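# Structural characterization, general
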2 protein chains.
Amino acid sequence: MTTPRRAVVLLSGGVDSTTSLAIAKRDGYECYAISFDYGQRHRVELEAAARVATALQAKRHLVVKVDLRSIGGSALTDSIDVPTGGSPEGLIPITYVPARNTVFLSLALGWAEVLGAWDIFIGANAVDYSGYPDCRPEYIEAFERMANLATKASIEGQGSFRIHAPLIRMTKQEIIATGRSLGIDYSITWSCYDPTPEGKPCGACDSCIIRIRGGA
Amino acid sequence: MTTPRRAVVLLSGGVDSTTSLAIAKRDGYECYAISFDYGQRHRVELEAAARVATALQAKRHLVVKVDLRSIGGSALTDSIDVPTGGSPEGLIPITYVPARNTVFLSLALGWAEVLGAWDIFIGANAVDYSGYPDCRPEYIEAFERMANLATKASIEGQGSFRIHAPLIRMTKQEIIATGRSLGIDYSITWSCYDPTPEGKPCGACDSCIIRIRGGA
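Everything in this summary refers to the structure shown in the same document. (Residues numbered from 1 in each chain as written. Chains lettered and ligands numbered in written order. Predicted model: local features only at pLDDT ≥ 70, side-chain atom pairs only at ≥ 80, totals over all residues.)

## Describing the packing of helix H1 (residues 15-26) of chain A against helix H6 (residues 172-181) of chain A
All names here are of chain A. Packing of H1 against H6 leaves a shortest axis separation of 9 Å and a crossing angle of 45 degrees. Considered as vectors, H1 and H6 are oriented oblique to each other. The handedness of the crossing between H1 and H6 is left-handed. Residues Val-15, Asp-16, Thr-18, Thr-19 and Ala-22 of H1 lie in contact with H6, whose contacting residues are Ile-175, Ile-176, Thr-178 and Gly-179. (Axes fitted to C-alpha atoms, helices over the stretch in contact; angles between N-to-C directions. Helix = DSSP H or I, 4+ residues; strand = E, 2+ residues; numbered from the N terminus. Parallel < 35°, antiparallel > 145°, perpendicular 65-115°, else oblique. Left-handed = near helix turned anticlockwise from the far one by under 90°. Contact = placed C-beta atoms within 7 Å.)

## Comments concerning the environment of A:Asp206
Relative to the helices and strands, A:Asp206 resides in helix H7 (residues 206-214). Taking the C-alpha atoms as reference points, A:Asp206 and A:Asp194, separated by 12 residues in sequence, lie 9.9 Å from one another.

## Focus: unusual backbone geometry
Residues and elements named next belong to chain A. Phi is positive for Gln-57, close to 55 degrees, though the residue is something other than glycine. You can see Gln-57 is positioned in the loop between helix H2 (45-55) and strand S3 (60-65). When the 10 C-beta atoms within 10 Å are taken as the criterion, Gln-57 is described as exposed. (Buried ≥ 20, exposed ≤ 12 C-beta atoms within 10 Å, placed from the backbone.)

## Observations regarding the pairing of strand S3 (residues 60-65) of chain B
Residue and element names in this part refer to chain B. Bridge analysis of strand S2 (residues 30-37) against S3 gives 6 bridges, and the strand direction is parallel. Within S3, the residue paired with Tyr-32 across the bridge is Arg-60. With respect to chirality, the unit in which S2 leads through helix H2 (residues 45-55) into the neighbouring parallel S3 is right-handed. (Pairing = 2+ DSSP bridges. Right-handed = clockwise from strand over helix to strand, strands pointing away.)

## Focus: the sheet that holds strand S5 (residues 162-164) of chain B
All names here are of chain B. With parallel pairing, 5 strands are arranged side by side in an open sheet as S3-S2-S1-S4-S5. Two strands in the sheet have a free side with no partner beyond their single neighbour: S3 and S5. The average undirected angle you get between the axes of adjacent strands in this sheet is 25 degrees. Alignment of strand S1 (residues 6-10) against S2, held across 5 bridges, turns out to be parallel. Of the residues in S2, the one forming a bridge with Leu-10 is Ile-34. Contacting S1, S2, S3, strand S4 (119-121) and S5, helix H3 (residues 100-115) runs over the sheet at an angle of about 160 degrees to S1.

## What about helix H3 (residues 100-115) of chain A?
Residue and element names in this part refer to chain A. With 16 residues, H3 should reach 22 Å at 1.5 Å per residue; the first-to-last C-alpha distance of 23 Å fits that figure. Burial within H3 is extensive, with 15 of its 16 residues counted as buried. Looking at the residues trailing H3, positive phi occurs at Gly-116, about 75 degrees. (Expected span 1.5 Å × (residues − 1).)

Shown next as structure tokens:
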């Protein structure tokens, strides 16, 4: 019996990261889920992440605190209204958080190095979030290249890091169909950026709209 | 009168980052200093960073909380003893924090984007810390390339980010001579990784040894 390879999987608790975790598991990785308590308004997503980590039998689930609120610049962490009714074509939405995936992947990289994991999964998607620069394939490749110059483990020649973004070219429907085929019950996930005071999804933010259109 | 260009400067409160801030200031940048409360044992360095930011008239000084302790893997954040008496040749010291500069530069990048700054200064040095992979020129270049694919500001063509590592090829003596020529009083800085219970430098960790050899 061989030891399973370990993977660090970024897990927000939403549809995409949950599917990415299911794919990593299908591919035979022992999964270490990592979530971020970054000052997001929709902190309720961390509860979903914990449910998902349990349901998909992640080996561990780590929640790292990083205060992106102190940096500002986003409707997700500042007191800027989350827009409703979809984003204008060609514009990057105000829900974009500056350098968020870079910060999250960097923390995942640090944990991967500690765990001896060479594989990192991120649910980045270039189709529905085409406005987010850090969800594009060329960005993921550049991060991977940098990661392999950044760490003790890689420069000592023990291996090389690979950043997997298995959903990057899928539509939301394809993502959800893939997840369902892997047994995901999406009712345990969370998407909304701007929950109601009662803790329910708003049904009107970009993330709710994409989820509803996708049929989750 | 033109508006001065803004720069985000990573500031630990040690000799190198203080000199890097002085160089950024000399070069005409309006400096935004950023420090990290990351679970380091030598948290006292944040007080030095605040003194330095004031003395060198940084426009702002932001301290971002990021819990690297939860990731582990380093004598600087874990309950592993900080070694004394110098590191063995060719080995990366246990004081290496996995992906630390990547995490710090990512957070600096996010703040730079919010501020409209295109220049980021880091006091990385490849000579005295030759064991740290994320202090090498090829790493800095790979980060810069990734940064220009990561952010809304850069992909919208508003400019491009530059990561400045002005000390990267200097010896500690050269760094200190440069800083003194720019008026730095190094007595306000802090280097020690493993302060005594009374809050004094231990005089024996790598960082103390390098500082003492450099004559600061």
